[in-house]
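# Observations on the model geometry
Residue-level listing of the chains:
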Amino acid sequence: MAGEFRFSFGPWNIHEGADPFGPAVRDSIEFGKKLKMYKQLGFDGVQFHDDDAVPGMNELSGEQIIKKAKQVHSILDDEGLVAEFIAPRLWEDARTIDGAYTSNDPSCREYARQRTHRTLDIANALDTKLVVLWLAREGTYLREAKDSKVAVDRIVEALNDILAYNPEIKVAIEAKPNEPMDHTYIPTTGHAIALGLLCDDPSRIGANIESAHAILAGLDPSDEMGFALAHKKLFSVHLNDQNGLKFDEDKTFGAVDLRRAFNQARILDQYDYGRGGEFVGLDVKAMRTQKLEVSTKHLSNSRAIFLRLVELARSLDKNRVEELIGQRDYEELDMLIINHLMGK
Ligand code: GLO
Ligand code: MG
């Protein structure tokens, strides 16, 4: 039955529409108001950057940070919401200009370590055991600027530090091949999982697969999901869509390539994604043209499209699929899928 999935998104997915070439076009919605929208839109989980939960955290003491995070926890309780994960925002501070864990400057790497400890304190206060690491600036604009072998060693060191700081924490690495960097060190799910194997407790390192990031790496997101599922490493997903190789668009799930989205919904449903408490997470942006009053449709639409595609995956004539696979008649299988998606 479609509907057994739990959905999440991050407060940054309700946004003002600024892009690198133009300012905000919508008023900001205050955090408390955003939280009130979750249930109305059909969502139960909140994804957090550390400073979404505790704004201005670099100016606060460790104790103050924990106190503020606990207040957020009680607001979540009041709204009937839970925190899905916390992600350290390691790409805005001046000390992360040249990367965080892979910075060439030891004092900047130490900043990243300390900041991550505070993130873990926030995770604890918000009662989530999952940390997402989008390694935004762990890469280069210029290949000769860093040593790629040393960079991987340093990321492993940072992961081991996280594992040691809180033995209950699991880390979902959100691989992305580019943007803001030219090249990153952990561009795909395969890299993320292999990285985990170098760590002190590989069982606690997995992946958060974002559809658009896989597409930007020239890969099919559902195959990336299959790879992670085979390794029991699919800790979270960031569903969205992407129109070819350009900037990271974070479009509504299924809005570009319905069949590609169908295959993601299908594999997640087929292998009981969510049974272990995983959320169907979205990472989608409203178009800049959208007016404030209707600037959350990308969220409810993505959710509705996902559920509709799950229904389609379930109603697909599986015997016929098997038969056509047996006959190796993939042209007919192609038509079967297309007809099914077209409601025939
Ligand atoms: C950017 C990423 C970003 C992360 C978020 C959580 O490309 O998708 O939005 O998902 O910061 O770490
Ligand atoms: Mg993402």
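Read on for a plain summary of the structure. As the structure is a prediction and not an experimental result, all values here were calculated from the model. Going along each chain's sequence as written, the residues are numbered from 1 onward. Throughout, the order in which chains and ligands are written sets their labels, letters from A for the former and numbers from 1 for the latter. Per-residue local features of the predicted model are confined to residues with pLDDT of at least 70, and side-chain atom pairs are confined, for both listing and counting, to 80 or more; whole-chain, interface and lining totals are unaffected and use all residues. Only hydrogens and water are removed before side-chain values are computed, so all heavy atoms of the structure are retained for them.

### Brief notes about the coordination of the magnesium ion (ligand 2)
Note the cut-off: Metal-coordinating donors are taken as N, O and S atoms lying within 2.8 Å of the metal, or within 3.2 Å when the metal is Na, K or Ca; because water is left out, some sites can appear incomplete. Each label reflects the angles at the metal, where four donors whose angles all fall between 85 and 135 degrees are tetrahedral, four or six donors whose opposite pairs open beyond 155 degrees and whose other angles stay between 65 and 115 are square planar or octahedral respectively, and the rest are irregular. Three exposure classes are used, based on accessible area relative to the maximum for each residue type with a 1.4 Å probe and protein chains only: buried under 20%, partly exposed in between, and exposed over 50%.
The magnesium ion (ligand 2) binds to the protein through E174 (OE), E210 (OE), H238 (ND1) and D283 (OD); the donor distances cover 2.0 to 2.3 Å. Around the magnesium ion (ligand 2), the six donor atoms sit at angles spanning 81 to 172°, and that spread fits a shape best called octahedral. On the accessibility criterion, E174 (5% relative accessible area) is buried.

### Focus on the pattern of salt bridges
Rules: The salt bridge criterion pairs a side-chain nitrogen of Lys or Arg with a carboxyl oxygen of Asp or Glu, the two atoms within 4 Å. Under the scheme used here, helices are H or I runs from DSSP no shorter than 4 residues and strands are E runs no shorter than 2 residues, and both carry numbers assigned from the N terminus.
Evaluation of the coordinates by the stated rule reveals 26 salt bridges. Ionic pairing is found between D50 and R115, a salt bridge with its closest N-O pair at 2.8 Å. Of the two residues, D50 sits in helix α2 (residues 50-53) while R115 sits in helix α4 (residues 106-125), which places them 65 residues apart along the sequence. Among the residues examined, R115 registers a relative accessible area of 6% and is labelled buried. One salt bridge connects R95 with D93, and the closest N-O pair in it is separated by 2.8 Å. The exposure class assigned to R95 is partly exposed, which follows from its relative accessible area of 38%. Using a relative accessible area of 19% as the deciding quantity, one classes D93 as buried. Residues joined in a network through salt bridges with shared partners are D50, D51, D52, R89, E92 and R115.

### Points about the site of ligand 1
Our working definition: One heavy atom within 4 Å of a molecule or strand makes the whole residue count as near it. In the analysis that follows, any N or O atom pair within 3.5 Å is treated as a polar contact, provided that within protein one partner can donate a hydrogen and the other can accept it, and provided that, for residues neighboring in sequence, both atoms belong to side chains. Values of accessible area rely on a 1.4 Å probe in the Shrake-Rupley scheme; residue burial ignores everything except the protein chains shown. Only Asp, Glu, Lys and Arg are considered charged, only Ala, Val, Leu, Ile, Met, Phe, Trp, Tyr, Cys and Pro nonpolar, and every remaining residue, Gly among them, polar.
As a matter of local geometry, ligand 1 sits amid 13 residues, with H49, E174, K176, E210 and D283 nearest to it. In the model, an oxygen atom of ligand 1 is placed 2.6 Å from a nitrogen or oxygen of the H49 side chain. One nitrogen or oxygen atom from the side chain of H238 is found 3.1 Å from an oxygen atom belonging to ligand 1. Notes on ligand 1: free accessible area 330 Å², of which the protein chains cover 93%. Here the residues of the shell around ligand 1 are counted per class, giving five nonpolar, three polar and five charged.

### Thoughts on empty space enclosed by the protein
Defined as follows: Only protein atoms enter the 1 Å grid used here, on which a cavity is any set of points holding a 1.4 Å probe that cannot leave and a pocket is any open set flanked by protein within 12 Å on both sides along at least five of seven lines; residues with an atom within 4 Å of a point are listed as lining. Grid points are joined across faces, edges and corners, and a volume is the space filled by probe spheres set on the points.
Under the defined criterion, the tally for this structure stands at four cavities of 30 Å³ or more. Lining of the largest cavity is provided by 14 residues; of these, A175, T189, H213, A214 and E224 occupy positions nearest its centre. The set of elements that each furnish at least two residues to the lining of the largest cavity consists of β8 (205-210) and α7 (211-216). The element contributing the most residues to the lining of the largest cavity is β8, with four residues. Each residue belonging to the lining of the largest cavity can be placed in one class, and the counts come to eight nonpolar, four polar and two charged.

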